[in-house]
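# Structural overview for review
Below, each chain spelled out in residue letters.
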Amino acid sequence: MRVALDTQPGGASPNEDWVAGTPTLAVVLDGLSTAGLDTGCRHGVPWYVAHLGSQLVSALADPDTSVTAGLAEALERVAALHPECDLGNPGTPSATVAILRERLGFLDHLVLADSPVVLEGAGGFTVHTDLRVDGVLPELRAEVERYETHTADHREALRRLVTEQRQIRNTPTGYWVAASSGQAAAHALVGSTPAEDVRAAAVLSDGASRLVTEYGMATWSEVFTTLRSGGPQELIATVRKVEATDPTGRRWPRYKSGDDAAVAFCQW
């Protein structure tokens, strides 16, 4: 498996996405926004995704370890790296997870929250994603989207949304992300596809996939054409050009004018 990678911040703040690839593995993590709220952790989201990502690559180097077990192991390892922090804080650093792994003639995928794994086959495209977060707190989400980005009303609405999301994050009535407990891995969506049925694959954070899913400015076929011609860097540049036409989020209401983006493009 040949993996091409890129990740870019969405603005002036540090990049909270993370991406890595090996001949058998592609991983994308998308750190969740804290909206300026306390996390109980002195390290921050970029530290968290960097350490979770490296621990995932390490855990999944063993071909006998399943993607679910590898994620659980990585989560526990990262928690053990900062026991002095308040890991019980509902806002503890957390992230979405998207994994594609080649093993024994199959491609195993794992998604936890809304970073997708997209497979290109002879019959078209299959998108594996976890959209459970979209079903919670719809009124607060709509309130955020009423305001233009970079306004005080938008920032306050986003803080209210994130505050309430934290109360149901990683609970049976809410949605699941990678945070401080390995238990979240059991709630990831997983599956396997025969490798011979896949021509290429993309693992993306939602900052990149939104070109299709949120903005509707490309099809998956066009995304894969861009990835083949210019790689992940060109795809992210395309997203930025689209966002630049709507800097305040009037056409496409969103949490940020530009979100961090990460892409791993896999070919055989």
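See the structure shown above.
Quick summary incoming for the structure in this document. For clarity, every value in this text was computed on a predicted model and none was experimentally measured.

Between its terminal C-alpha atoms helix α4 (residues 152–168) stretches 25 Å, which fits the 24 Å expected from 17 residues at 1.5 Å a residue. Packed against the buried residues of α4 are α3 (138–145). Once α4 finishes, Asn170 follows within two positions and takes phi at roughly 60°, a positive value.

Further remarks concern empty space enclosed by the protein. All chains considered together, the criterion is met by 1 cavity of 30 Å³ or more. The space that makes up the largest cavity amounts to roughly 40 Å³. Leu32, Ser33, Thr34, Val45, Gly91, Thr92, Pro93, Ser94, Arg166 and Arg169 are the residues that line the largest cavity. Across the lining of the largest cavity, the residue classes tally to 3 nonpolar, 5 polar and 2 charged.

Turning next to the sheet that holds strand β3 (residues 25–31). The strand order across the open sheet built from 5 strands is β2-β3-β4-β5-β8, with neighbouring strands paired in antiparallel fashion. In this open sheet, the two edge strands, each paired with only one partner strand, are β2 (17–22) and β8 (189–194). Averaged over all neighbouring strand pairs, the angle between strand axes comes to 10°, with direction disregarded. Of the strand pairs in this sheet, strand β5 (residues 106–112) and β8 are connected by 6 bridges, and their pairing is antiparallel. For Leu107, the partnering residue across the bridge sits in β8 and is Thr193. Against the sheet, helix α2 (residues 67–81) touches β4 (95–103), β5 and β8, its axis set at about 45° to β5.

Inspection of the entire model under this criterion finds 3 aromatic pairs. Relative to Phe265, the ring of Phe224 lies with its centre 5.8 Å away and its plane at 80°, an arrangement referred to as edge-to-face. In this pair, Phe224 sits in helix α6 (residues 220–244) while Phe265 sits in strand β10 (residues 261–267), placing the two residues 41 residues apart along the sequence. Neither Phe224 nor Phe265 differs from the other in exposure class; each is buried. Grouped by ring-pair contacts, the aromatic residues Phe125, Phe224 and Phe265 constitute a single cluster.

So, about the pattern of salt bridges. As enumerated under the stated definition, the model contains 14 salt bridges in all. We note a salt bridge from Glu156 to Arg160, for which the minimum N-O separation is 3.5 Å. Highlighted residues: Glu156 and Arg160, both in helix α4, separated by 4 residues, approximately one helical turn. Looking at Glu156, the relative accessible area reads 39%, which means it is partly exposed. In this structure Arg160 comes out as partly exposed when scored by relative accessible area, which is 32%. Salt bridges linked by common partners bring Asp206, Arg210, Lys256 and Asp259 together as one network.

Right, let's talk about helix α5 (residues 206–213) for a bit. Burial runs high along α5: 7 of the 8 residues are buried. For α5, the full list of buried residues reads Asp206, Gly207, Ala208, Ser209, Arg210, Leu211 and Val212.

Right, let's talk about the environment of Ser180 for a bit. Looking at the element boundaries, Ser180 is found in the loop between α4 and β8. Look at Ser180 and you get partly exposed, because its relative accessible area is 21%. On a C-alpha basis, the gap between Ser180 and Val78 in space is 7.6 Å, while along the polypeptide they are 102 residues apart. Excluding residues within four positions of it along the chain, Ser180 makes contact with Leu75, Ala79, Leu87 and Thr92. A polar contact of 3.0 Å, which involves the side chain of Ser180, links it to the backbone oxygen of Leu87.

On to the environment of Thr151, then. Mapped onto the elements of the fold, Thr151 is located in the loop between α3 and α4. Residues Thr151 and Ala237, 86 residues apart in the sequence, show an inter-C-alpha distance of 25 Å.

With that settled, consider the sheet that holds strand β7 (residues 124–128). Overall, antiparallel pairing links the 5 strands, which are arranged β1-β10-β9-β6-β7 in an open sheet. Since the sheet does not close on itself, it has two edges, and those belong to β1 (2–8) and β7, each with one partner. Averaged over all neighbouring strand pairs, the angle between strand axes comes to 15°, with direction disregarded. Pairing of β1 with β10, which is carried by 7 bridges, proceeds in the antiparallel orientation. Bridging from a neighbouring strand, Asp6 pairs with Val263 of β10. The strands touched by α5 within the sheet are β9 (200–204) and β10, with β10 carrying the most contacts at an inclination of about 80°.

Cut-offs applied
Residues numbered from 1 in each chain as written. Predicted model: local features only at pLDDT ≥ 70, side-chain atom pairs only at ≥ 80, totals over all residues. Heavy atoms only, no water. Helix = DSSP H or I, 4+ residues; strand = E, 2+ residues; numbered from the N terminus. Expected span 1.5 Å × (residues − 1). Contact = heavy atoms within 4.5 Å. 1 Å grid on protein atoms, 1.4 Å probe; cavity = no way out; pocket = protein on both sides within 12 Å on 5 of 7 lines; lining within 4 Å. Points joined across faces, edges and corners; volume = space filled by probe spheres on them. Nonpolar A, V, L, I, M, F, W, Y, C, P; charged D, E, K, R; others polar. Pairing = 2+ DSSP bridges. Axes fitted to C-alpha atoms, helices over the stretch in contact; angles between N-to-C directions. Phe/Tyr/Trp six-rings, centres within 6.5 Å; stacked < 30°, edge-to-face > 60°. Buried < 20%, exposed > 50% of the residue type's maximum accessible area, 1.4 Å probe, protein only. Salt bridge = Lys/Arg side-chain N within 4 Å of Asp/Glu carboxyl O. Polar contact = N/O pair within 3.5 Å; in protein donor to acceptor, adjacent residues only side chain to side chain.

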